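# Coordinates in review
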Amino acid sequence: MLGAILVKITFASTLFSVILYFFNFRKHSDELLKYARQFYYIAVSGFLIISGMMLYFILTHQFQYYYVWAYSSTDLPLPLLVSTFYAGQEGSFMLWALYTSIIGLFLIRYSSKKGYETELMLVYTTILSFLLLMLLVKNPFKFIWEQFPDELYHVGPVPPDVLNYAWIDKARALWATIPVEGKGLNPLLQNYWMAIHPQILFIGFTAMSIPFAYAVAAMLKRDYVSWIRVAAPWTIFGALALGSGIIIGGYWAYETLGWGGYWGWDPVENSSLVPWLVCVASIHTMLAQRKNGTYIKTNFVLSLLCFILVLYSTFLTRSGVLGDTSVHSFVDPGMWVYWLLLMLILIFAVIGFGLFAARWKEMPVVPVEHTFVSREFALFLGASALVISSIFILIGTSSPIITSILKGKTSAVDISYYITTTLPLGVIIALLSGIGQLLWWKRSDGKTLLHQLILPSMLALLLTLTAVFMGAHHPAMIIFIFAASIGLFANLIVGARIIKGNPKMAGGAITHIGIALMFLGFVSSEKYDSKETLNLEEGKTVNALGYSLKYIGYKPLERGRFAFNVEVEKNGKKFIVAPVMFEGESEGSVIRNPDIINLGTKDFYLSPLALEAQDEHSSSNEVTLMEKESVEKDGMKIEYLGYKFSQSAETGNFIQAQLKVTQNGKTEILTPTLTNNAGKFSFTEAKLKNSNVGISIKILKPGNESEGKSSITISLSGIPASVETEKAPQRDVLVVEASIKPFINLVWIGTFSLMIGFVITIVRRAKESLRFAEKWK
């Protein structure tokens, strides 16, 4: 009960701080300001104690608390055990509130030097109070017998110290409800990234509230111009933190889920991307306002949206509305939390945009002095492209809610929607990231610009032709590669000049270099990767993708996991790849973790699909066909027509083979399928009508850009083996998907460059902000 009481005391302290900051805003009293700070410090102290208590209960396996029982267990290693702190609804809100309270300490010190503390902390502490309200609704310290009042968990003898109490019967009854073991962490989350990714993501969520708080504070102060100088470093910090969380989540998916990608356009993934895009757009418009005073209203709107979109992301993730369309979504938290999350969005939207509407006429209108060939206009176009991209993604992300309202059922848009809508905007962003660096403020000379574009354009053309020579033949991808290459080389040239002169000014160029590298990495690793599905019989060598693969057996690991060792050889060089499979949370489910070998210019990616026992007659009922070829088999003519590949947020990667089967003068089209949904593989057999004969996919080789032909190995069931063979000992067959991810390191190098650029810019803007504060005083 102590934990629940402390949550209420901390909530009350936060409310007192909000009230005192409000009265200080009205009266400007040093005494009120002092007490407002003190109550905030009490709230932070209380929250540190609450968090410390929960962590202690987790580390000491206090399973009498429902949250500890529901998400932890005694067999988890220490890093994963600590990560169960935020594995559930209550813990994630606790982590968010914890980081919000701690960052508030830095905000008090920072804003007090710039004359913004009262207004800023009034808004910021209000946000913290609502996060604490979530903990009052979803009590993390609920006892397990409160959650399951009609169920008992037998644990053996009652501890001796319980016998010392007068209320022995009640003590015995309560103690008998404490389990000896917890349910444990979801197997999909049992990865070392679980100890890193959520924490960085929630720091990003916290940071997104700061531009909102500064925008509202500026409108309260009627400061429509200079506020961006003090808000800019925190806005960039928000982009850095949330962007880091997003890309780490992408790498986690790439390394763990086994479907071979790092971004699946999952609604919950997108819901974090949307506020990040808006935040990056606001950074660019803030830069324009700093230079010539334009985009005043735009900066207020974008800063408000940063946090409101994070709240919407929270609603999507934690309300249960995406339970059927996202692998990331939490279970239904109950109606209280559902409506409270909606209320949060509504309240802060009304606070922000209501005040914006009230101050609209007071905001100065600065006449446009720049031409179309200027850095201001390039910033405007870039910010517009980012915002339009976020709108398209937001519509797709919200499609489960939209379809539920319009059609009465929940469904998500196909992944192709996101590619179709964002690719043209990506081309614009890539071009502007390079061309914008070559433009001057207000106006630029067209001839000078064209002259400056000659070298980056020539280098971009050379790189694009190299990509075409290596197999890039899709027109849209060629255009995208060319645009990204211009962005890369223009920023490399400009960045080199800046570093020679003043390295502190190089943040923007380094950030844009990172974006260009990421774009090139996206195309090379996702569009032009090579895949093959293989059956690896133990001890036998199979050639695929230019490598020799041999399954050499498996070994048990900790927590019921098994590593399947595959020897991979090329040009006399050998290495061992060991993908992992283990039982999932639900009965019969299998979780598959790939293994990756980084080879510098590419990744060799091996994802396990299944482990099968080889039947002595299985090979006689397998047929391999090239596309458009046919074969006679057991009175049937089988022709392979090709395959269809699709991606969907609901079904995952979906491969459907097209087979034309003729038997006894009758022809049928059979479509056996292979589905990969978030690392869960399933094979669907297609059967002939009025027959027991079935056909399933064993191996499908998509072919390559130059040949264009695919091949398939199919397995026939329901017919006797055509040739009787001598019985051979059974051997395990490991079914895997092998793939080559060319130049995927460009994604990770680009990400690192992007973050370094953000850090350099934060330091520079923070120093400028301090100088501005001193001048303002």
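See the structure above.
If you're wondering where the values come from, they're calculated on a predicted model, not measured in any experiment.

This part is about empty space enclosed by the protein. Considering all chains together, one arrives at six cavities of 30 Å³ or more under this definition. Estimates place the volume of the second largest cavity at around 50 Å³. As for the second largest cavity, its lining consists of N292, T294, V366, P367, E369, H370, E376 and K442. When its residues are assigned to classes, the lining of the second largest cavity shows two nonpolar, three polar and three charged.

Attention now moves to the packing of aromatic side chains. Tallied over the full model, the rule gives 45 aromatic pairs. Relative to F307, the ring of F212 has its centre 5.4 Å away and its plane inclined at 50°; by these criteria the two rings are tilted. Of this pair, F212 sits in helix α9 (residues 197-221) while F307 sits in helix α12 (residues 296-318), and the two are 95 residues apart along the sequence. There is no split in this pair, since F212 and F307 are both buried. Between W265 and Y418, the ring centres sit 4.8 Å apart and the planes meet at 5°, which makes this aromatic pair stacked. Taken together, the residues span a long stretch of sequence, with W265 in the loop between α10 (227-256) and α11 (267-292) and Y418 in helix α16 (residues 415-438) at a distance of 153 residues. Classification of W265 as buried rests on a relative accessible area of 13%. Take Y418: its relative accessible area is 2%, and that puts it in the buried class. Of note, K114 hangs over the ring of Y110, and the distance from its end group to the ring centre comes to 3.8 Å.

This part is about the packing of helix α5 (residues 89-112) against α10. Two elements in contact, α5 and α10, have axes whose closest approach is 13 Å; the angle formed by their N-to-C orientations is 155°. Comparing the axis directions of α5 and α10 gives the class roughly antiparallel. The two elements α5 and α10 meet at a crossing, and its hand is right-handed. For the pair formed by α5 and α10, the contact residues are I103, F106, L107 and Y110 on the first element and R229, V230, P233 and W234 on the second. Considering only residue class, the contact of α5 with α10 consists of seven nonpolar, no polar and one charged.

Where strand β4 (residues 562-570) meets strand β6 (residues 580-583), two bridges bridge the pair, whose relative direction is antiparallel. Bridge assignment links F562 to a residue of β6, and that residue is M581. One ladder, built from four bridges, connects β6 with strand β7 (residues 590-593); its direction is antiparallel. By the bridge assignment for β7, M581 is matched with R592.

Running from N to C, helix α2 (residues 30-59) and helix α6 (residues 117-137) point in directions that differ by 30°, and their axes come no closer than 12 Å. Here α2 lies roughly parallel to α6, going by the angle between them. Judged by the twist between their axes, the crossing of α2 over α6 is left-handed. Of the residues in α6, those in contact with L33, R37, Y40 and F47 of α2 are E117, T118, M121, Y124, T125, L128, L132 and L135. The residue inventory of the contact of α2 with α6, partitioned by class, reads eight nonpolar, two polar and two charged.

Turning our attention to α2. Between the first and last C-alpha of α2 there are 43 Å, a value that for 30 residues agrees with the 44 Å anticipated at 1.5 Å per step. Taking the backbone nitrogen of E31 as reference, a side-chain oxygen 3.2 Å away marks S29 as the first, capping residue of α2. At the exit of α2 stands H61, carrying a positive phi of roughly 60°.

Next up on the list: the side chain of T84. Turning to its location among the elements, T84 is positioned in the loop between α4 (78-83) and α5. Residues within four places of T84 in sequence aside, it is in contact with I58, Y67, Y71, S72, L76 and L185.

Right, let's get into the state of the cysteines. According to the stated counting rule, one finds zero disulfides in the structure shown. Not engaged in a disulfide, the cysteine C279 finds its nearest cysteine sulfur in C306; these two sulfurs lie 4.3 Å apart. Residue classification places C306 among the buried positions, given a relative accessible area of 0%.

This part takes up unusual backbone geometry. With a phi close to 60°, H61 is a non-glycine residue in the positive phi region. For H61, the location among the structural elements is in the loop between α2 and α3 (66-71). The residue K628 is not glycine, and still its phi comes out positive at about 75°. The topology assignment puts K628 in the loop between β10 (622-626) and β11 (630-633).

Moving on, we get to the pattern of salt bridges. Within this structure, the stated rule accounts for eight salt bridges. The residue E31 makes a salt bridge to K34 at a minimum N-O spacing of 3.7 Å. Of this pair, E31 and K34 both sit in helix α2, three residues apart, which is roughly one turn of that helix. The salt bridge partner of K574 is E567, with a shortest N-O separation of 4.0 Å. Look at K574 and you get exposed, because its relative accessible area is 52%.

The next subject is the environment of I576. Examined against the element boundaries, I576 turns out to sit in strand β5 (residues 573-577). C-alpha separation for the pair I576 and D595, spaced 19 residues apart in sequence, amounts to 9.5 Å. Residues in contact with I576, not counting those within four places in the same chain, are I552, N565, V566, E567, D595 and I597.

Our focus in this paragraph is the nonpolar core. Core analysis: the biggest nonpolar cluster contains 156 residues, and W96, F212, Y214, W227, W276, F300 and F758 have the highest contact counts within it. Other than its neighbours up to four places away in sequence, W96 contacts L131, F202, F205, T206, F307, V310, L311 and T314.

The rules we used
- Residues numbered from 1 in each chain as written.
- Predicted model: local features only at pLDDT ≥ 70, side-chain atom pairs only at ≥ 80, totals over all residues.
- Heavy atoms only, no water.
- 1 Å grid on protein atoms, 1.4 Å probe; cavity = no way out; pocket = protein on both sides within 12 Å on 5 of 7 lines; lining within 4 Å.
- Points joined across faces, edges and corners; volume = space filled by probe spheres on them.
- Nonpolar A, V, L, I, M, F, W, Y, C, P; charged D, E, K, R; others polar.
- Phe/Tyr/Trp six-rings, centres within 6.5 Å; stacked < 30°, edge-to-face > 60°.
- Helix = DSSP H or I, 4+ residues; strand = E, 2+ residues; numbered from the N terminus.
- Buried < 20%, exposed > 50% of the residue type's maximum accessible area, 1.4 Å probe, protein only.
- Lys NZ or Arg CZ within 6 Å of the ring centre and 35° of its normal.
- Axes fitted to C-alpha atoms, helices over the stretch in contact; angles between N-to-C directions.
- Parallel < 35°, antiparallel > 145°, perpendicular 65-115°, else oblique.
- Left-handed = near helix turned anticlockwise from the far one by under 90°.
- Contact = heavy atoms within 4.5 Å.
- Pairing = 2+ DSSP bridges.
- Expected span 1.5 Å × (residues − 1).
- Polar contact = N/O pair within 3.5 Å; in protein donor to acceptor, adjacent residues only side chain to side chain.
- Disulfide = S-S within 2.5 Å.
- Salt bridge = Lys/Arg side-chain N within 4 Å of Asp/Glu carboxyl O.
- Core = buried A, V, L, I, M, F, W, Y, C linked by side-chain atoms within 4.5 Å.

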